[in-house]
Amino acid sequence: MPLVHIELIEGRTQAQLSQLCKDVTAAIVKNTGAPAEHVHVVLSEMAKDRYAVGGTLKSEE
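Let us look at the structure shown here. All values derive from a computational prediction rather than experimental measurement.

### With respect to the nonpolar core
- Of all hydrophobic cores here, the largest spans eight residues; its members are Val4, Ile6, Leu8, Leu17, Val24, Ile28, Ala34 and Val39.
- For this core, the secondary-structure elements that each account for two or more residues are strand E1 (3-9) and helix H1 (14-32).
- Not counting chain neighbours up to four residues away, the residues in contact with alanine 34 comprise Pro2, Val29 and Val39.

This is how it looks when you write it as structure tokens:
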């Protein structure tokens, strides 16, 4: 059972997230031979004020 965990900053549309899951699943199937129904994708969205790069919160950019 391949399990893919993706962490993103919030702001993508439902359509974008759905397509991301389809594309990631297809890549896992292609490269591992696992059946699509066994591929699990977990999306974790973070608020911009809960993620920083170089000490600066994304909400402050």
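### Re the environment of glutamate 10
- As for its position among the elements, glutamate 10 is in the loop between E1 and H1.
- The class for glutamate 10 is partly exposed, based on a relative accessible area of 40%.
- The spacing of glutamate 10 and serine 44 is 34 residues in sequence and 8.7 Å in space, taken between C-alpha atoms.
- If we skip the residues at most four places from it in the chain, glutamate 10 touches Glu45, Met46, Ala47 and Lys48.

### With respect to the pairing of strand E2 (residues 40-46)
- Pairing analysis gives seven bridges linking E1 to E2, with the strands arranged parallel. Across the sheet, the residue bridging to isoleucine 9 is methionine 46, located in E2.
- Taken together, E1, H1 and E2 form a β-α-β motif whose crossover is right-handed.

### Examining H1
- Helix length check: H1, at 19 residues, gives a terminal C-alpha distance of 27 Å against a target of 27 Å (1.5 Å per residue), a fit within 8%.
- Along H1, the positions that sit buried rather than exposed are Leu17, Val24, Thr25 and Ile28. The buried residues of H1 occupy an angular sector of 100° when projected down its axis, which confines them to one face. Of the exposed residues in H1, those oriented more than 90 degrees away from the buried face are Ala15, Lys22 and Lys30.
- Looking at the buried side of H1, the elements it contacts are E1 and E2.

Conventions adopted
Residues numbered from 1 in each chain as written. Predicted model: local features only at pLDDT ≥ 70, side-chain atom pairs only at ≥ 80, totals over all residues. Heavy atoms only, no water. Core = buried A, V, L, I, M, F, W, Y, C linked by side-chain atoms within 4.5 Å. Buried < 20%, exposed > 50% of the residue type's maximum accessible area, 1.4 Å probe, protein only. Helix = DSSP H or I, 4+ residues; strand = E, 2+ residues; numbered from the N terminus. Contact = heavy atoms within 4.5 Å. Pairing = 2+ DSSP bridges. Right-handed = clockwise from strand over helix to strand, strands pointing away. Expected span 1.5 Å × (residues − 1). Arc of directions from axis to C-beta.

Read these as layout, nothing more, since geometry by itself doesn't imply function.
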